[in-house]
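Single-letter residue listing:
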Amino acid sequence: MNLHEYQAKRLFAAAGIPVPEGDTAATAHEAEAIASRLGGRVAIKAQVLTGGRGKAGGIVLADTPAEARTKASRLLGAELKGLPVRRVLVERAIEIADELYAAFAVDRRAGRMALIISSKGGVDIEETARTEPEAIRRIIVDPFLGLRPYQVTAACAGIGLGRPLWPSMQHILGALYGLARDRDATLAEINPLVVTADSQLLALDAKMTIDDSALFRQPELSALRDPDAETPVERQAREAGISYVRLAGRIGCMVNGAGLAMATMDVIKLFGGEPANFLDIGGGARADRVERALRIILSDANVAAVLINIFGGITRCDEVARGILAALEQVGAALPIVVRLVGTNEAEGRDLLDRARITTARTLTEGARLAVASAMDGAG
Amino acid sequence: MSILVDASTRVLVQGITGREGSFHTRQMLDYGTNIVGGVTPRRGGETVNGLPVFDTVQEATQETGANAAVVLVPAPFAADAVLEAADAGLSLVVCITEGIPLWDTLRVLRYLQGGPTRVLGPNCPGITVPGMAKIGIIPGHIHMPGSVGVVSRSGTLTYEVVWALTQRGLGQSTCLGIGGDPVVGTTFVDALRLFEADDQTEAVVLIGEIGGSAEEEAAQYIAQGMTKPVVALVAGRTAPPGRRMGHAGAIVSGGTGDAASKIAAFQAAGVPVADHPEQVGDLLREVCG
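Keep in mind that what you see is a predicted model, and the values were worked out from it rather than measured.

## Overview of the overall build of chain A
Phase 1 of the analysis: Along its length, chain A carries 13 helices and 18 strands.
Phase 2 of the analysis: With the principal axes as the frame, chain A shows a C-alpha extent of 80 × 50 × 40 Å.
Phase 3 of the analysis: When each of the 380 residues of chain A is scored for burial, the buried share is 47%.
Phase 4 of the analysis: Of all intrachain contacts in chain A linking residues separated by at least 6 positions in sequence, the fraction that spans at least 24 positions is 69%.

This is how it looks when you write it as structure tokens:
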């Protein structure tokens, strides 16, 4: 789960990481009031969960409270990269001398968190990694020792940071690491971490990704979830314990297991179709689950055929087949459905489906071929 | 022989009194696995499937001589269960539980670093030595004994591939899932090393997916140090960037971890990559001559 900039900055401020003075506004009037309280030039930043807000016009400057009002009213209610702008952050504009990058992120190879720091801030770190890898330092952190002062010294020296700023960097990175640890973050990023005209370090932007698996012990963070970050259908799926990602194709897929779901999508593509979604119904395939999953798939008007691929394994296929039939009856789906079942009592399961005139397949490739063909028939 | 599990493996089930724990204990027993007991705090003294239940792993180990454990406890308690098994001196801990907080995994694996305990998972389906034992939740009947080693980041996709191998008469030496989380205790490279050293294994099937660089690291190891033929399958060619595909670790982010780069890495290492699960067996026959 990603936090908004303003949410992450509140955590930063509470942890002692310097951030620009400011506040959030949901109306142009509030934006004007904040600007007039701050005095002077302000930055108005759309609070949407997407990268590249600046380039998309989501960050603007205003010299007067009246201008802040006009510019905030243009952003509020508009869409940025398809996401509605419901809030803006109004902050005192900062005179920038230099832009740096600092983050703690999971290093999957090392199985540790890593400090990633760069002298090139304000740009995508992946871009820097491609064009100027020597500008980046990567320092692995031992979870038992935490971030050590010598590691920060090495980071400061490594990016050529002016020595007077080293104590401030010690403080900021120590606080950022502590925040990531205490809040179960898989990413805590400051980009840019700016050197101001009066030689102070300041977090101009803030990004935090909280581990979804840890939300059970971060109740105040899970309450911050932005309903706009997922579509109503995706939320419905998540709450039902179903992983669902909508794509642009015409063949809906219902699969048990994430890896098999991806492989099923790949096979559909291999045989000339395009998957309409990724959907993992999780363990087992009880009727209520199948029904919910089917409703979610059919909520996509592009879907012309559905491929259900269940590797039952230990699960009895006749039970799965009954679940599918009950769900189909409930939902009343009118489009072609192909079912591929493997597991205990496979023949009985297929028999039940055959009698209900549901197309069945013995293998994944056969199922994908049949689904692609029936989607084309439906289109023609 | 096999890897990680053999005839001397004596298994405890952590979380044996739970719904999943008792069900899969029955399945493992039916397959012939030497399950010697279970652990659930505050339930010591009970029996499940005729097996004794203990309050602690320490006590269970002393009483039963267990040397391995399978963790089937809910995510908030799973990290503790793995640490408890390690502290009791078990040499293999198979962690099936999905949804363990990442920071818990980081600390657990750090604690186990350099010690005698190997962790498989978390978020993995377990390990099967066909005809001998299965630890975890992989259906037993899909296997047949043979000489192909199978290692995978997935669950049901592994079953799909193994089932297809069995139907083509290609038996397996050991099948293991390493887990779908971003950080896991046993990597592809660890498993490949073990298969390379295993007499029974003549070829290896590696089933990867999008996210991270474990496949690229495996390809590098294969190119440098592996004499046995390897065939790969990579799931997620059609996965869009920036979206998590079910598994916590299955995400293409910042232009890294996509299927194309993993497939290219395998091909550069001379590893044929199957287009779909049923093709894996055909490619194996080709590389094995």
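## A look at the sheet that holds strand 9 (residues 133-136) of chain B
Phase 1 of the analysis: Taken in spatial order, the six strands make up an open sheet running 9-8-11-10-12-13 (chain B), and their pairing is mixed. With one partner strand each, in any of the chains shown, strand 9 and strand 13 (230-235) of chain B form the two edges of the open sheet. Averaged over neighbouring strand pairs, the angle between their axes works out to 15° when direction is ignored.
Phase 2 of the analysis: The sheet contact formed by strand 10 (residues 145-152) of chain B and strand 11 (residues 172-177) of chain B spans six bridges and is parallel. Looking at the pairing, G149(B) lines up with T174(B) of strand 11 of chain B.
Phase 3 of the analysis: Running at roughly 85° to strand 13 of chain B, helix 9 (residues 258-270) of chain A makes contact with strand 12 (203-209) and strand 13 of chain B of the sheet.

## Remarks on the domain arrangement of chain B
Residues and elements named next belong to chain B.
Phase 1 of the analysis: Splitting chain B by domain gives domain 1 (11-120) and domain 2 (138-287).
Phase 2 of the analysis: For domain 1 and domain 2, the distance between their C-alpha centres works out to 26 Å.
Phase 3 of the analysis: Of the residues lining the interface, nine residues belong to domain 1; the matching set on domain 2 comes to eight residues.
Phase 4 of the analysis: Secondary structure elements with two or more residues in the side of domain 1 that touches domain 2: helix 1 (19-31), helix 4 (102-112) and strand 7 (118-120).
Phase 5 of the analysis: The greatest single-element share of the side of domain 1 that touches domain 2, amounting to four residues, is contributed by helix 4.
Phase 6 of the analysis: Taken together, the residues of the side of domain 1 that touches domain 2 break down into six nonpolar, two polar and one charged.

## Here's the deal with helix 2 (residues 28-38) of chain A
Residue and element names in this part refer to chain A.
Phase 1 of the analysis: Among the residues making up helix 2, those that are buried are A28, A31, E32, I34 and A35. For helix 2, the arc enclosing every buried residue in end-on projection is 165°, short of the 170-degree limit, so these residues lie on one face.
Phase 2 of the analysis: Looking one or two places after helix 2, you find G39, whose phi comes out positive at around 75°.

Here is what the cut-offs are and how they apply
Residues numbered from 1 in each chain as written. Chains lettered and ligands numbered in written order. Predicted model: local features only at pLDDT ≥ 70, side-chain atom pairs only at ≥ 80, totals over all residues. Helix = DSSP H or I, 4+ residues; strand = E, 2+ residues; numbered from the N terminus. Buried ≥ 20, exposed ≤ 12 C-beta atoms within 10 Å, placed from the backbone. Contact = placed C-beta atoms within 7 Å. Pairing = 2+ DSSP bridges. Axes fitted to C-alpha atoms, helices over the stretch in contact; angles between N-to-C directions. Domains from an automatic or database assignment. Nonpolar A, V, L, I, M, F, W, Y, C, P; charged D, E, K, R; others polar. Arc of directions from axis to C-beta.

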